[in-house]
Amino acid sequence: MKTKRKGMSYAKWGYIFLAPFFITFFIFQFWPLATTIYYSFFEYFRSGLKIIGPNFVGLKNYAAMIKEVPKYFSNTMVMWLMGFIPQIIVSLVLAAWFTDLRLKLRFQGFFKTVIYMPNLIMASAFAMLFFTLFSNSETGPINSILLKLGIVAEPVRWLSNVWTARGLVGLMNFLMWFGNTTIILMAAIMGVDPGLYEAAQLDGASSTTMFWRITIPLIRPLLVYTLITSLIGGLQMFDVPQVLTNGKGDPNGSTNTIIMYLNQHLYSKNYGTAGAISVLMFLLCAVLCVIIYFTLTQEDDGLTREQRKAEKARIKAAKAAARHH
Amino acid sequence: MPNETKTAATTTAKASKIHDPMLTLQRAVAYIVLFVLCFICLFFFYVLIVNATHNNFTIQQGFDPLPRGSFGVNFFNTTHDANVPILTGLRNSLIVSAACAALSVYFSALTAYAIYAYDFKLRKLAFTVILLIMTMPTQVSALGFLNLMDSMKLTNTLWPLILPSIAAPTVFFFMKQYMDSSLPRDIIDAARIDGSGEFHTFNTVILPILKPAMAVQAIFSFVGAWNNYFIPALIINDAKWKTVPILVAQLRSADFLKFDMGKVYMMITIAILPVMIVYLLLSKYIVRGVALGSVKG
């Protein structure tokens, strides 16, 4: 009898231990999100020293935002793709090479250490570094090297040209993330049953065939996960273009991202518009978060959902029985 | 069984290593590509470090790949510039990052333990909620967060950068996975039989077992907080409380024609070098941590 009562009372510890997380989450994330959504329906901004509002304006902020946002959205997506496409290709190839038992590459530890390194760099410092390296003048380090080697005849105006400026942002994102993606994909490939490759090899399959027929289909959930997390990261793109262009999104606003746009309104305390942008971002990310949730909780042990449920119920019953004894 | 497969594969690899010219070619291509990528990754840092040893005059002459002797002078000038309080910045960044690392690791372990060890009504729901918010960017609630910090009189303090790290879903997720794979439930029962209280059990029995996972996650939390720019830049205006990323970004708006470039390179070096040194010392564990964090639970 005593043990049973004690067994029941453990549940409360679950709630106690969860409390700090959920209290913090509520105060610093949930409540701010709720007020953000609330303000998005109000006219609320600072003009000089005077604060206008908050006055309820319905969807007016959204109407104003929807006209502006597409160009920021397309800038963000273009620069994200300029980093993500080379990133996923290079990472897949490297991961396949690193895990290829016939290829048996050496110095893997060194290579992995070097390619992962840029991921830990402070993005704002990295952008500042690129700004100094790729300066428009002929004495900028990259320009002076290119001129010395005779690759270009006159200094490249990296930051004044739409596609080189966007390209630099893409290059930085690529450098910061390809090592990370390579390591994640490697872990996924190594999780594939080696017997499959063994069997395929006996059948005379080439590395390429095995890559497309075994590796890719089996790591598909992780590829989806990589794509979606990268997309969420891409939507948040801020530090790199902000510092590289000094918050201006030059040339001609072509490197202005959604979060840079949000930042401008937050900085000038234009809360109505900032709220509408935030809500749009929230909705976009919510969809992506749900997809991530399903890739993370997808069963991969061959059992169907029903079988799994039955198994869980069986374990629960056994536990309950054990508790009663 | 896995061993057997491995030996078989190694034998095949050995055999083909000798006979297959295509494989030699493929290996050569792989090495060349890897060397090029490593070169690109290291090149930018090489230029950074070299230029940090040059004075403004030699930098303005164009790029010279050989290091010079101005490292000490640049360091002195940078740390004694009243406009860019880098030493205070380093102190603030260090406080914030260390506090974030400690809080996120401890409370994520606690949260994960709640889900792992106890059976309660809302357990499944709590787990689902945490997974759902895991990848939600903080930017979406930045407006409300700023307002709240304003009304709590916490702007221009370090608290808004530290306290939210108590709820760190990604660290939680890693801890939960680690528990699933390496924390035997018998230990909990054994501690209960010994009469240990639940909180006491967590602190003295469970935490030591989680040490390897906690160390890796502490590094990631530390680096994340160290590099964080968006929220700190909105919360802090007072030079006394600025963190390193804010100061680095501030450099960008300085007037470059009048600026000592040696100082600029030195400042960037100061911002990224501490993390790089820690990384190079612990790279084995960090790279393994990245791989582990990705394996689905």
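Residues numbered from 1 in each chain as written. Chains lettered and ligands numbered in written order. Predicted model: local features only at pLDDT ≥ 70, side-chain atom pairs only at ≥ 80, totals over all residues.

The name given to chain B in an unreviewed UniProt entry is Multiple sugar transport system permease protein, with the source organism recorded as Gemmiger formicilis. Checking UniProt for chain B, the heading Subcellular location (unreviewed entry) contains the comment "Cell membrane". Turning to chain B, the UniProt record has this under Sequence similarities (unreviewed entry): "Belongs to the binding-protein-dependent transport system permease family." (UniProt positions renumbered as here; feature names shortened; annotations may be inferred.)

Moving on: helix 6 (residues 141-148) of chain A. Looking at helix 6 of chain A, one finds that the buried residues are Pro141, Ile142 and Asn143 of chain A. Where helix 6 of chain A is buried, its residues contact helix 5 (123-133) of chain A together with helix 2 (21-52) of chain B. Immediately downstream of helix 6 of chain A, the backbone of Gly150 of chain A shows phi near 75°, a positive value. (Buried ≥ 20, exposed ≤ 12 C-beta atoms within 10 Å, placed from the backbone. Helix = DSSP H or I, 4+ residues; strand = E, 2+ residues; numbered from the N terminus. Contact = placed C-beta atoms within 7 Å.)

By convention, interface size is frequently given as the accessible area that disappears when the constituent parts associate. Each partner contributes residues to the interface: chain B has 80 residues there, and chain A has 84 residues. Sorting elements by how many residues they give to the side of chain B that touches chain A places helix 2 of chain B first, with 13 residues. In terms of residue class, the side of chain B that touches chain A is made up of 57 nonpolar, 17 polar and 6 charged. (Nonpolar A, V, L, I, M, F, W, Y, C, P; charged D, E, K, R; others polar.)

Turning our attention to the nonpolar core. One broad rule of soluble globular proteins: the nonpolar side chains tend to lie buried together. Membership of the largest hydrophobic core comes to 161 residues, with the highest contact counts inside it found for Val248 and Ile268 of chain B. No other element matches the 16 residues that helix 7 (residues 162-190) of chain A contributes to this core. Contact partners of Val248 of chain B, with chain neighbours within four places excluded, come to Met122, Ser124, Ala125 and Met128 of chain A together with Met267, Ile268 and Ala271 of chain B. (Core = buried A, V, L, I, M, F, W, Y, C linked by C-beta atoms within 7 Å.)

Another point: the UniProt feature "transmembrane region" (unreviewed entry) in chain B. Here, the residues flagged by UniProt with the feature "transmembrane region" (unreviewed entry) are residues 28-49, 94-118, 125-146, 158-175 and 264-282 of chain B. Between the end C-alpha atoms of residues 125-146 of chain B the distance is 29 Å, and the span holds 64% helix and 0% strand.

Attention now goes to the pairing of strand 1 (residues 42-47) of chain A. Residues and elements named next belong to chain A. The sheet contact formed by strand 1 and strand 2 (residues 50-56) spans 5 bridges and is antiparallel. Among the inter-strand pairings, Phe45 is bridged to a residue of strand 2, identified as Ile52. Here strand 1 hands over to strand 2 after 2 residues, with Gly48 in that stretch at a positive phi of 65°. (Pairing = 2+ DSSP bridges.)

Here we take up the environment of Met176 of chain A. Note that Met176 of chain A resides in helix 7. When sequence neighbours within four positions are dropped, the list of residues in contact with Met176 of chain A reads Pro118, Asn119 and Ile121 of chain A.

Let us look at the environment of Ile216 of chain A. Along the chain, Ile216 of chain A turns up in helix 9 (residues 207-218). The spatial distance from the C-alpha of Ile216 of chain A to the C-alpha of Ala96 of chain A is 10.0 Å, given a sequence separation of 120 residues.

This part takes up helix 9 (residues 169-182) of chain B. In an α-helix, one turn spans 3.6 residues; hence positions three or four apart end up facing the same way. For helix 9 of chain B, which comprises 14 residues, the first-to-last C-alpha distance of 20 Å matches the rise-based estimate of 20 Å (1.5 Å per residue) to within 8%. Along helix 9 of chain B, the residues classified as buried are Pro169, Val171, Phe172, Phe174, Met175, Lys176, Tyr178 and Met179 of chain B. (Expected span 1.5 Å × (residues − 1).)

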